[in-house]
Amino acid sequence: MLHGLSNEEVEVNRKKYGTNSITNVKTKGFFKLLLESLGDPIIKILLIALAIKVVFLFQDSNYFETLGILIAIFLASFISTISEYGSEAAFRRLQEESSKILVKVLRNGKVKEIALEEVVKNDIVVLQSGDRIPADGYLLKGELRVDESSLNGETKEAKKYPPLNPNNLQDQNKLYRGSVVYNGDAYMLVTEVGDKTLYGALAQEVAESAPTSPLKLRLQGLAKFISRIGYCGAILVTISYLFSVIVIDNNFDPDLIMNTLTDMRVMADHLIYALTLSVTIIVVAVPEGLPMMITLVLSSNMKRMLKSNVLVRRLVGIETAGSINVLLTDKTGTLTKGKLEVSEIISADNIHYKNINMIKPNRKYYEEVYNCMFYNNDSKLDDKKEAIGGNGTDRACLKFLVEDKTIERKVIKQQSFDSKEKYSTATLDNHITYVKGAIEKLIPNIHYYLNKQGEEKICLNKKQIINMTDNLTKKGIRVIALCYTKKLDSIENLVFIGLVAIKDELRKEAKKGVSLIRSAGINMIMITGDAKDTATSIASDVGLLDKEDIVLTSEELAKLSDDEIKKIAGNLKVIARALPTDKSRLVRVLEEMDLVVGMTGDGVNDAPALKKANVGFAMGSGTEVAKEAADIVILDDNILSISKAILYGRTIFKSIRKFIIYQLTVNMCALILSIIGPFIGINTPITIIQMLWLNMIMDTFSGLAFSFEPPLKSYMYEPPKPKSEPIINSYMIGEVLFTGLYSAILCILFLKLPIVREFIRVGEDYKYLMTAYFALFIFIGIFNAFNARSERINILANLSKNKVFIAIILFIVTVQIYLIYHGGDLFRTYGLQANEFFIVLLLAATVFPIDFIRKIFLRKHHLKTGV
């Protein structure tokens, strides 16, 4: 008789062999995440500029600009850290919920419930249907059918029984943590706990570092591009300033120029100011609001995605999802419901009954179907009328029926399904034995069939039954036969009742989700443990296969070299009879092709591939290890939710590009004015306080406005962006240069053309002209925001879907009008007359027709017309 461990033995074993807890991948604390966020390529440039600014702070009264850089760095880093830390905390709460599993163990001769983590080596665990196995071990007593799919991907239930010799254990004797008991009652001896289990070993693989995201690579490229522009601008403005103060101010007189050059004190002041000015130019060139905007757009979309059942664990994972070229997806639970269901019952006279209510009118036939499916069944209905216990086929049969109290029978004798015999039997108190099993096993003994009236007829055409079965199995449908006989303890002289078609039905959203993903130019590869015919049928049903596409088994894949796989990768659609190693290999090979790879998974065996993929999608119902490895958790296990994640990812990337266009256009205008200004007598057309307000518009408000761009379905009909494509494309460069140059020319002409002064008062110390100039500069920026957010001719397209953008623009306009009339000396604004204000608005609005002409030109010459 089994006794189990004593309390003393439990403590000894816990100290000697450890606990049953899995060592979690060490999470990053708030401050570590904050420090990591400072590694952003753009923030690095800002940090360098900030350091130089601080060094020369006492030589330069521009405290506000230094403060502005500091605020931009702090906000971007802080918001990013808060979002990722909060997301990780939400994920940890999910993990904690799943760890509160209770386990039944035998201790001191009594059955006791304990927490999963309290199980120790040599514990005897009591297992029943539906239990999750808490550790590795082997059976001591009883037999079980176990679902090990989370470990090995095999959908077939594994049969387990005690070993003849405990020193010579076979796989059929072993039980593994994470598996689920389908059927049976047994006692298990724990041999390994915690990290030493197979589950724990796979969990440690998750600690590998994930690949660098496409967004980070693109931002590194952007940082190099912008820093070069900044350095070139800094050199030019330094030369411009020094030429102005040394040559122009001395009226090109060689003697005066030489005197200035030889006066060390004067030259030192000029050089220090030139250096400070060059740092300012670098700051002007750098879109300092970009890090914060990226954080805002990722954070805001993370919250929106949660409403679509998508939990984002790592912020950058959202954008990476939009860059996917290849998606490796599971079948079970993702494309299908993950549960076997009876799709129909087919009678011998080829009538297809899609539900039990269609059979009920034929009372006699209905009773025989009910008796065979309800009583010849190892599953039972619980209090909630859910099928529990038994194998998947039994549970599917029970769920198809509605319990009928008018048919009350007693089971006299029952034989459960046996994989060797391939059938189960139940003899009822009506002295009839009901048989349920494989048609190939029962067909030789079928001599009669039951018609829909419930009359027994001689079965003359067995071939028809076999053909019906073959047609269904080719479609990936599991088929069992229902029969009965009046010969007790025998399966002779069978009366054929009908065929039961059982399948893991496709999710109703699966076709739509697959269609959306494929329309996005993403190659989907379904990886399944099913047979080749079954996998091909399901892939065809869900719309995954075209005529020229390739279906391989794991064995066939293993025979191909990496180079051979690369050649067929574009047409590879299905891997059948897949092994866990197939997933990791495919991820590695596809990433070598410079593709962005997405991977879905739910099992422990999927964790290494989820970690290695550019973006890993774990299923909400999956194992904790899979979720730990993933970037994104799909809470409803739905392929349509994955397509939404891809759409959000693409929307985010476009939003980032739109913001870059907007900010670089303003920066380009400011850069041109800074370089050309000294030559034409324009040194500081914008004051420090005005620049602070401009930075708030460019960085904070506009970043927020562009963060809420709507996810448009049309984005899913564009091909994925190549991994090597820089964040700034030719369309963006064209708009930045064209609009930036036009804005700068407009600003210069506004200050220098005499005709402007006929419509705008100059005032004492040019106070009204400079008020109008400040208003012009700001409104050019505001109007350019509309041009930047849409590549369409109609700049108001989908504007109503971004209410935050409208609200922020209205807020900026309101504040700007207030500053024009009430800014006073602080903002150097002294009010404008109505006609002056109208002229400023009219001039600023000329950016609309100018951009309209640019867009028409691009369309006419079939050039790139979008982000």
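Residues numbered from 1 in each chain as written. Predicted model: local features only at pLDDT ≥ 70, side-chain atom pairs only at ≥ 80, totals over all residues. Heavy atoms only, no water.

J.: Tell me about the overall build of the protein, residues and numbers included.
T.: Helix and strand counts for the protein come out as 30 helices and 26 strands. Classification of the 867 residues of the protein by burial places 54% in the buried group. Long-range pairs, those at least 24 residues apart, make up 72% of the contacts in the protein with a sequence separation of at least 6. Of the roughly 38500 Å² that the protein leaves accessible, carbon and sulfur atoms contribute 58%. (Helix = DSSP H or I, 4+ residues; strand = E, 2+ residues; numbered from the N terminus. Buried < 20%, exposed > 50% of the residue type's maximum accessible area, 1.4 Å probe, protein only. Contact = heavy atoms within 4.5 Å. Areas by Shrake-Rupley, 256 points an atom, 1.4 Å probe, with all protein chains shown as cover.)

J.: Can you tell me about the side chain of Arg507, naming the residues and giving the values?
T.: With respect to the helices, strands and loops of the structure, Arg507 is situated in the loop between strand E20 (494-506) and helix H16 (510-519). Glu509 provides the closest opposite charge to the buried, unpaired Arg507, separated from it by 4.4 Å. Residues within four places of Arg507 in sequence aside, it is in contact with Gly333, Thr334, Leu335, Thr336, Lys337, Asp636, Asp637 and Asn638. (Lys, Arg positive; Asp, Glu negative; His and termini not counted. Salt bridge = Lys/Arg side-chain N within 4 Å of Asp/Glu carboxyl O.)

J.: Describe the pairing of strand E9 (residues 326-330), with residues and values.
T.: The buried fraction of E9 amounts to 5 of the 5 residues, a majority that puts the element mostly inside the structure. Judged by which residues are buried, E9 turns out to be covered on both faces: Val326, Leu328 and Asp330 on one side and Leu327 and Thr329 on the other are all buried. Of the strand pairs in this sheet, E9 and strand E21 (residues 523-527) are connected by 5 bridges, and their pairing is parallel. Note on E21: the bridge partner recorded for Asp330 is Ile527. For E9 and strand E24 (residues 597-601), the ladder comprises 3 bridges, and the chain directions are parallel. Bridging across to E24, Leu328 finds its partner in Met599. (Pairing = 2+ DSSP bridges.)

J.: Give me the packing of aromatic side chains: which residues, what numbers.
T.: Applying the stated rule across the entire model yields 17 aromatic pairs. Summarising the aromatic geometry, the rings of Tyr353 and Tyr365 are spaced 5.9 Å apart at their centres and angled 35 degrees between planes, so their arrangement reads as tilted. Highlighted residues: Tyr353 in strand E11 (residues 352-353) and Tyr365 in helix H12 (residues 363-375), separated in sequence by 12 residues. Judged by its relative accessible area of 0%, Tyr365 is buried. Between the aromatic rings of Phe779 and Phe837, the centroid separation amounts to 6.0 Å while the plane-to-plane angle is 75 degrees, which identifies the pairing as edge-to-face. (Phe/Tyr/Trp six-rings, centres within 6.5 Å; stacked < 30°, edge-to-face > 60°.)

J.: Outline the nonpolar core, supporting the account with residue identities and numerical values.
T.: In terms of nonpolar packing, the biggest core is built from 119 residues, with Phe617 and Ile656 touching the most fellow members. When residues in this core are grouped by element, the largest group, 20 residues, is from helix H23 (residues 639-676). With near-sequence residues (within four places) excluded, Ile656 lies in contact with Leu215, Leu290, Met293, Ile294, Val297 and Ile727. In terms of nonpolar packing, the next biggest core, distinct from the first, is built from 33 residues, Val326, Ile565, Val587 and Leu590 among them. (Core = buried A, V, L, I, M, F, W, Y, C linked by side-chain atoms within 4.5 Å.)

J.: So what's going on with empty space enclosed by the protein? Residues and values would help.
T.: Evaluated as defined, the whole model comprises 5 cavities of 30 Å³ or more. Taken as a whole, the second largest cavity holds about 80 Å³ of empty space. What lines the second largest cavity is Gly322, Ser323, Gly649, Arg650, Phe653, Lys654, Glu718, Pro719, Pro720 and Lys721. With 4 residues, H23 is the largest single contributor of residues to the lining of the second largest cavity. Residues that form the lining of the second largest cavity fall into these classes: 3 nonpolar, 3 polar and 4 charged. (1 Å grid on protein atoms, 1.4 Å probe; cavity = no way out; pocket = protein on both sides within 12 Å on 5 of 7 lines; lining within 4 Å. Points joined across faces, edges and corners; volume = space filled by probe spheres on them. Nonpolar A, V, L, I, M, F, W, Y, C, P; charged D, E, K, R; others polar.)

J.: Go over unusual backbone geometry, please, and point to the residues and values.
T.: With the exception of glycine, most residues fall at negative phi, and the peptide bonds are largely trans. Located in the positive-phi region is Asn350, a residue other than glycine, with phi close to 60 degrees. Note on placement: Asn350 falls in the loop between strand E10 (336-346) and E11. The phi dihedral of Tyr766 falls on the positive side, at around 60 degrees, and the residue is not glycine. Residue placement: Tyr766 occurs in the loop between helix H25 (730-752) and helix H26 (767-789). According to the relative accessible area criterion, Tyr766 is partly exposed, its value standing at 42%.

J.: Describe in detail the confidence of the model for the protein, supporting the description with residues and values.
T.: Looking at the protein as a whole, its pLDDT mean stands at 84, while 88% of the residues score no less than 70. When pLDDT is averaged over each element of the protein, helix H29 (residues 834-844) comes out on top at 95 and helix H4 (residues 63-99) at the bottom at 59. (pLDDT = per-residue confidence, 0-100.)

J.: Give me the state of the cysteines: which residues, what numbers.
T.: In total, this model carries 0 disulfides according to the counting rule given. The structure places no disulfide on Cys372, whose sulfur is separated from the nearest cysteine sulfur, that of Cys483, by 7.1 Å. Classification of Cys372 by relative accessible area gives buried; the value is 0%. Among the cysteines around Cys747, which has no disulfide bond, Cys669 carries the closest sulfur, lying 4.3 Å off. (Disulfide = S-S within 2.5 Å.)

J.: Go over the packing of H26 against helix H27 (residues 803-822) with me, naming the residues and quoting the values.
T.: Interaxial distance between H26 and H27 falls to 11 Å at its minimum, and their mutual angle equals 175 degrees. One finds that H26 runs roughly antiparallel with respect to H27. Of the residues in H27, those in contact with Thr771, Phe774, Ala775, Ile778, Phe779, Ile782, Ala785, Phe786 and Arg789 of H26 are Phe805, Ile809, Ile812, Val813, Gln816, Ile817 and Ile820. Split by residue class, the contact of H26 with H27 holds 13 nonpolar, 2 polar and 1 charged. (Axes fitted to C-alpha atoms, helices over the stretch in contact; angles between N-to-C directions. Parallel < 35°, antiparallel > 145°, perpendicular 65-115°, else oblique.)

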